[in-house]
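Structure at a glance
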Amino acid sequence: MRTFRIFFNTIRSMSLKKIMRLLSLVLPHPVFAVLSFYATLKAYSIAQRKFPDTASTNGIGNSFRHALWCCFILMYCCKVSSPEKALDFCKRITDLHEELFPNKLLETKMDLHNNKIGMDYFMEMLEGVHRQFFEKSFFINGLEKKMKDAKILKDTDDDFEGFLVYLDEK
């Protein structure tokens, strides 16, 4: 129930223009929209359980959550469509999320970067596993390993291609 209250309050806080932007993306793709919402709930709950102190901040748990979120969107959407269509939708919906709920510049760069890491990680794994056989644990374990090499993002010019990034919150 708490999740739906958060969702309702989030939608209620959006301007009409933002709601229209969101609807223009999700209405043509209702199945992807539902699967993405489910992926959001799953990624958020897993990240909160594994990283209760940093999943909702700009710390390492947040980087894990964003990458996992993209992996889950792709995993669920690939079960009903092609990887190319799923990837296009995933990029558009996660970019739109950053646009609709803007952060500071460095936080936005971090989120978009970690979203890309998640998408790239899924596409890498796609070569070795048929898309119908993906499981959540594939991504959770793989991203936890990637977290060991995560980098601290200090400037918008930093480029940590291939690494998860997070902000130092000290």
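All of the points below concern the structure found in this document. All values derive from a computational prediction rather than experimental measurement.

**Observations concerning the packing of helix α4 (residues 60-78) against helix α5 (residues 83-100)**
Working note: a packed helix pair is described by the angle between its axes plus the distance between those axes. Two numbers describe how α4 lies on α5: the axes approach to 9 Å, and their chain directions differ by 140 degrees. By the angle between their directions, the pair α4 and α5 is classed as oblique. Crossing of α4 against α5: the hand is right-handed. Taking contact as the criterion, the partners of His66, Trp69, Cys70, Ile73, Leu74, Cys77 and Cys78 in α4 are, on α5, Pro83, Ala86, Leu87, Cys90, Ile93, Thr94, His97 and Glu98. For the contact of α4 with α5, the per-class residue count stands at eleven nonpolar, three polar and one charged.

**What about the packing of aromatic side chains?**
On inspection of all chains with the given rule, the structure shows six aromatic pairs. A ring pair is formed by Tyr121 and Phe139, whose centres lie 6.3 Å apart and whose planes are at 80 degrees; its orientation type is edge-to-face. Of this pair, Tyr121 sits in helix α6 (residues 105-126) while Phe139 sits in helix α7 (residues 136-147), and the two are 18 residues apart along the sequence. An identical accessibility class is assigned to Tyr121 and Phe139; each is buried. Of the aromatic side chains, those joined through ring pairs into one cluster are Tyr38, Phe72 and Tyr76. Stacked on the ring of Phe163, the Lys or Arg Lys151 has its end atom at 4.6 Å from the ring centre.

**Remarks on the pattern of salt bridges**
Within the structure shown, the criterion is met by five salt bridges. Its salt-bridge partner being Arg21, residue Glu99 comes within 3.0 Å of it at the nearest N-O pair. A residue pair is termed long-range when its members are at least 10 positions apart, and Glu99 in helix α5 and Arg21 in helix α2 (residues 16-26) qualify at 78 residues. On the basis of relative accessibility, which here comes to 37%, the residue Arg21 falls in the partly exposed class. Note that Asp120 is salt-bridged to Lys116, the shortest N-O span being 2.7 Å.

**Here we look at the environment of Cys78**
Its location among the elements puts Cys78 in helix α4. With a relative accessible area of 0%, Cys78 lands in the buried category. Sequence spacing of Cys78 and Phe134 is 56 residues, and the spatial spacing of their C-alpha atoms is 9.5 Å.

About the cut-offs
- Residues numbered from 1 in each chain as written.
- Predicted model: local features only at pLDDT ≥ 70, side-chain atom pairs only at ≥ 80, totals over all residues.
- Heavy atoms only, no water.
- Axes fitted to C-alpha atoms, helices over the stretch in contact; angles between N-to-C directions.
- Helix = DSSP H or I, 4+ residues; strand = E, 2+ residues; numbered from the N terminus.
- Parallel < 35°, antiparallel > 145°, perpendicular 65-115°, else oblique.
- Left-handed = near helix turned anticlockwise from the far one by under 90°.
- Contact = heavy atoms within 4.5 Å.
- Nonpolar A, V, L, I, M, F, W, Y, C, P; charged D, E, K, R; others polar.
- Phe/Tyr/Trp six-rings, centres within 6.5 Å; stacked < 30°, edge-to-face > 60°.
- Buried < 20%, exposed > 50% of the residue type's maximum accessible area, 1.4 Å probe, protein only.
- Lys NZ or Arg CZ within 6 Å of the ring centre and 35° of its normal.
- Salt bridge = Lys/Arg side-chain N within 4 Å of Asp/Glu carboxyl O.

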